[in-house]
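Next come the chains, spelled out residue by residue.
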Amino acid sequence: RGNRETVPENSIPSFLSTIEVGADGVELDVLMTKDGTLIVHHNYRINPHICVHSDGSPSVSTDLFPDGTDANPELIPEIPLISALTLEQLKEYDIGSKILKKFPEQTPLPGLRVPTLEELFVAVAEYYEQDEVRASREEAGDAAPPLLTFNLELKRENTRADETAPVAVVCPAVIDLVHKHSL
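Note that the structure is predicted; figures quoted are calculated from it, not measured. (Residues numbered from 1 in each chain as written. Predicted model: local features only at pLDDT ≥ 70, side-chain atom pairs only at ≥ 80, totals over all residues. Heavy atoms only, no water.)

## Some details on the sheet that holds strand S1 (residues 25-32)
Phase 1 of the analysis: Spatially, the three strands line up as an open sheet ordered S2-S1-S5, and their pairing is mixed. Each edge of the open sheet carries a strand with a single partner, namely strand S2 (38-40) and strand S5 (149-154). This sheet shows a mean twist of 40 degrees between the axes of neighbouring strands, independent of strand direction.
Phase 2 of the analysis: Bridge analysis of S1 against S5 gives six bridges, and the strand direction is parallel. Looking at the pairing, Glu 27 lines up with Asn 151 of S5.
Phase 3 of the analysis: Set on the sheet, helix H3 (residues 117-129) makes contact with S1, S2 and S5; between it and S5 the angle comes to about 175 degrees.
Phase 4 of the analysis: The strands touched by helix H5 (residues 167-180) within the sheet are S1, S2 and S5, with S5 carrying the most contacts at an inclination of about 165 degrees. (Pairing = 2+ DSSP bridges. Helix = DSSP H or I, 4+ residues; strand = E, 2+ residues; numbered from the N terminus. Axes fitted to C-alpha atoms, helices over the stretch in contact; angles between N-to-C directions. Contact = heavy atoms within 4.5 Å.)

## Concerning the nonpolar core
Phase 1 of the analysis: One finds Leu 28, Leu 38, Leu 117, Val 124 and Phe 150 to be the most contacted residues of the largest nonpolar core, which totals 23 residues.
Phase 2 of the analysis: The element that contributes the greatest number of residues to this core is H3, accounting for six residues.
Phase 3 of the analysis: If near-sequence neighbours (up to four positions away) are discounted, Leu 117 is found in contact with Leu 28, Val 30, Leu 38, Ile 39, Val 40, Leu 152 and Leu 177.
Phase 4 of the analysis: If you look at the next biggest cluster of nonpolar residues, it comprises 20 residues, including Leu 31, Cys 51, Leu 87 and Leu 100. (Core = buried A, V, L, I, M, F, W, Y, C linked by side-chain atoms within 4.5 Å. Buried < 20%, exposed > 50% of the residue type's maximum accessible area, 1.4 Å probe, protein only.)

As structure tokens, then:
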């Protein structure tokens, strides 16, 4: 989920932070929205622990998920499924304003949105293209750390297959995107 000890999880800044602290690989979860966009998010549903509406209001009714509760949002059917939301609807949620209780050193970054997998691939490529990063890597030569490797977990549970897009749709979309970005 990136460097979630210090940066909001599953955000582009979180994954870029992993590069800056020396990681050469990241594991991330991939889901598909209702309109077929691949996104990076750990939960099958909007996670009230990290998501708020863009205006700062709670992402779900406090009756369903009171602040401070440790209830698993996956088990509350009234919380929207990622697969039931369009990308536009998903982008209405802010994933950078709330700090997870178990990561008190996390810096809030209000206004962050759930990234698409393509946005993440582009951001990482752009990071490596920065003049100072490229120059540093060239100077290090063979001692330069490897480029970031992605371990993509395609979220799917056979017991809840109706909560995610079909494997026959997600897998080819992921493979096409990986090839498009020459990864």
